[in-house]
Amino acid sequence: MLQINIIRDNPGYIIERLAIKNFKAESIVENILQLDKKRRELLKLLDAMLAESNRLAKEIGVLYQQGKADEAGKMKARTAELKEQSGLMSEELDQVQQQMQEELVLLPNLPAAIVPPGKHAEDNEIVNHGGKVPEVDWPLLPHWDLGSKYGILDFELGVKITGAGFPLYRGKGARLQRALINFFLDEAVKAGYTEYQPPYVVNEASAFATGQLPDKEGQMYFAPVDKLYLIPTAEVPITNIYRDVILKQTDFPLKNVAYSACFRREAGSYGKDVRGLNRLHQFDKVEIVQISHPDKSYQVLDEMVEYVITLLNKLELPFRVAKLCGGDMSFASALTYDMEVFAAGQQKWLEVSSISNFEAFQANRMKLRFKNEEGKTELAHTLNGSALALPRIVASLLENHQQPDGIRIPDALVPYTGFNFIN
RNA sequence: GGAGAGAUGGCCGAGUGGUCGAAGGCGCACGCCUGGAAAGUGUGUAUACUCCAAAAGGGUAUCAUGGGUUCGAAUCCCAUUCUCUCCGCCA
């Protein structure tokens, strides 16, 4: 959520910047400014009324103490009148404030200055790449074929037990999952992140704070009896640690990492993009979250991208890094880098991590602040990214490291798997 | 699930209708003291919105949350949520 004072001070700038995200903000900004003006007018009147009310109440108290009950009684008429008026006015104010809030949550975050203009993924800028795409003279299989060939992945069984998008991992396939989770967590801890084990279900307030509610409600699994949501990412519980918190400057940088299963309904997904492990309803992910001083957040973002690159290098996967264009960025992000790995069996690039700086956008919504040099409270910046999401990493690992007679495990992972070949 | 007790500032804790945004203590910040530190001592120390060109200063709201009674609520009433204790159940 954008801060109202920024909109008030420079509405033209907001409209201009949001155009980079192909978002037409004119009418919303106009509505917000009007509502804000109305709100402040009402607030001024209401406060004056309440102030008078408070003053009279005190005077009446003094009169009673002095035994002047009849004088006090006369003043009560005025307070009753004030009470009725202020009641009506505060209802009106609530309404205006709610309307303003509804408009405010419609505005996406402003893109950072270096975000390239553009409409689609094709307009993204590739800013880095590495690793080698395998060149072999035998046919490379997609991971779903490799999965059944070596008995490590079972999609049909998942359909029987739960439904599409809930595969089972078996034998070395299951052990590979466990190894990757531990590998990612250990690497993050070595890089200075604090490990957390969060709840997998969250309440409404948490889902709202990270922006899943109200508009992405349909994307989450929901347990109505207890009004709890299954998390779509560990970002939700981990970022919510800091909801309604005022940090000290010395708390920065806050670096957290968490493994969790992630649950996504993926309503509306279909077709070839959802084949195999490419898109699932339940998957494993290790997520990194940083809370940063506003002056440092872009430095932190670069650091996070560099960190994920080291992971991809250790897994010996061909990758590329894209700086997202305005049109491809998410609602809350100010700058996003997508990390993609090449899946040689499908001949496709798969997104395995999306690392974003949200600046103060999330922090504003969940009131995450810190005391700055002058002792004033100021919004902190939040950042997060996958490091990494397992299914597409597994897909790419299987497809790129396949041999005619099995699948090679990269050296960095062997201490975690306990084996170096799947056949 | 049943019965009972409770929820006050960063923390502990006082406060049962007015002078209470809230005693006292701890913590923290700054100063004094000291060669330096500790101890001691003094001062300060919630958040949001808003008025004012800004600073200074003022107003309003907030004692779990929402509603009610009252001229006036941290204090009384109702509902909700959460915590603790005991009983039951249980990996």
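Just so you know, these numbers come straight off a predicted model, no measurement behind them.

About the cut-offs
- Residues numbered from 1 in each chain as written.
- Chains lettered and ligands numbered in written order.
- Predicted model: local features only at pLDDT ≥ 70, side-chain atom pairs only at ≥ 80, totals over all residues.
- Heavy atoms only, no water.
- 1 Å grid on protein atoms, 1.4 Å probe; cavity = no way out; pocket = protein on both sides within 12 Å on 5 of 7 lines; lining within 4 Å.
- Points joined across faces, edges and corners; volume = space filled by probe spheres on them.
- Helix = DSSP H or I, 4+ residues; strand = E, 2+ residues; numbered from the N terminus.
- Nonpolar A, V, L, I, M, F, W, Y, C, P; charged D, E, K, R; others polar.
- Salt bridge = Lys/Arg side-chain N within 4 Å of Asp/Glu carboxyl O.
- Buried < 20%, exposed > 50% of the residue type's maximum accessible area, 1.4 Å probe, protein only.
- Pairing = 2+ DSSP bridges.
- Axes fitted to C-alpha atoms, helices over the stretch in contact; angles between N-to-C directions.
- Parallel < 35°, antiparallel > 145°, perpendicular 65-115°, else oblique.
- Left-handed = near helix turned anticlockwise from the far one by under 90°.
- Contact = heavy atoms within 4.5 Å.
- Domains from an automatic or database assignment.
- Buried area = accessible area lost by both parts, 1.4 Å probe.

Section: empty space enclosed by the protein
Summed over the entire model, instances satisfying the criterion amount to one cavity of 30 Å³ or more. Here the largest cavity defines a volume of roughly 30 Å³. Taken together, Ile-152, Leu-153, Tyr-169, Gly-173, Leu-176, Gln-177, Val-394 and Leu-398 form the lining of the largest cavity. For the lining of the largest cavity, the secondary structure elements donating two or more residues are helix 7 (172-190) and helix 12 (390-400). Tallying contributions element by element places helix 7 first for the lining of the largest cavity, with three residues. Taken together, the residues of the lining of the largest cavity break down into six nonpolar, two polar and no charged.

Examining the pattern of salt bridges
The tally for this structure, following the rule as stated, stands at 15 salt bridges. Its salt-bridge partner being Lys-190, residue Glu-187 comes within 3.2 Å of it at the nearest N-O pair. One end of the pair, Glu-187, and the other, Lys-190, are both in helix 7, three residues apart, so they sit about a helical turn from each other. Residue classification places Lys-190 among the exposed positions, given a relative accessible area of 63%. Salt bridges linked by common partners bring Arg-8, Asp-36, Arg-39 and Arg-40 together as one network.

Quick word on the pairing of strand 11 (residues 319-323)
The buried fraction of strand 11 is high, at four of five residues. Where strand 11 lies against strand 12 (residues 335-343), five bridges are found, and the strand directions are antiparallel. Looking at strand 12, one finds that Ala-322 is bridged to Asp-338.

Topic: the packing of helix 7 against helix 10 (residues 297-314)
Packing of helix 7 against helix 10 brings their axes to within 11 Å, and their N-to-C directions diverge by 135°. Considered as vectors, helix 7 and helix 10 are oriented oblique to each other. Our pair here, helix 7 against helix 10, has a crossing hand that is right-handed. Touching Phe-183, Phe-184, Glu-187 and Ala-188 of helix 7 are Tyr-307, Leu-311 and Lys-314, all from helix 10. In terms of residue class, the contact of helix 7 with helix 10 is made up of five nonpolar, no polar and two charged.

Some details on the domain arrangement of chain A
When the domains of chain A are assigned, the result is domain 1 (4-104) and domain 2 (121-422). The distance between the C-alpha centroids of domain 1 and domain 2 comes to 44 Å. Taken together, the contact between domain 1 and domain 2 spans four residues of the former and seven residues of the latter. When domain 1 packs against domain 2, the two sides together hide about 340 Å² of surface, and 47% of this comes from carbon and sulfur. Taken together, domain 1 and domain 2 are joined by zero salt bridges. Looking at the side of domain 1 that touches domain 2 residue by residue, the class counts come to one nonpolar, two polar and one charged.

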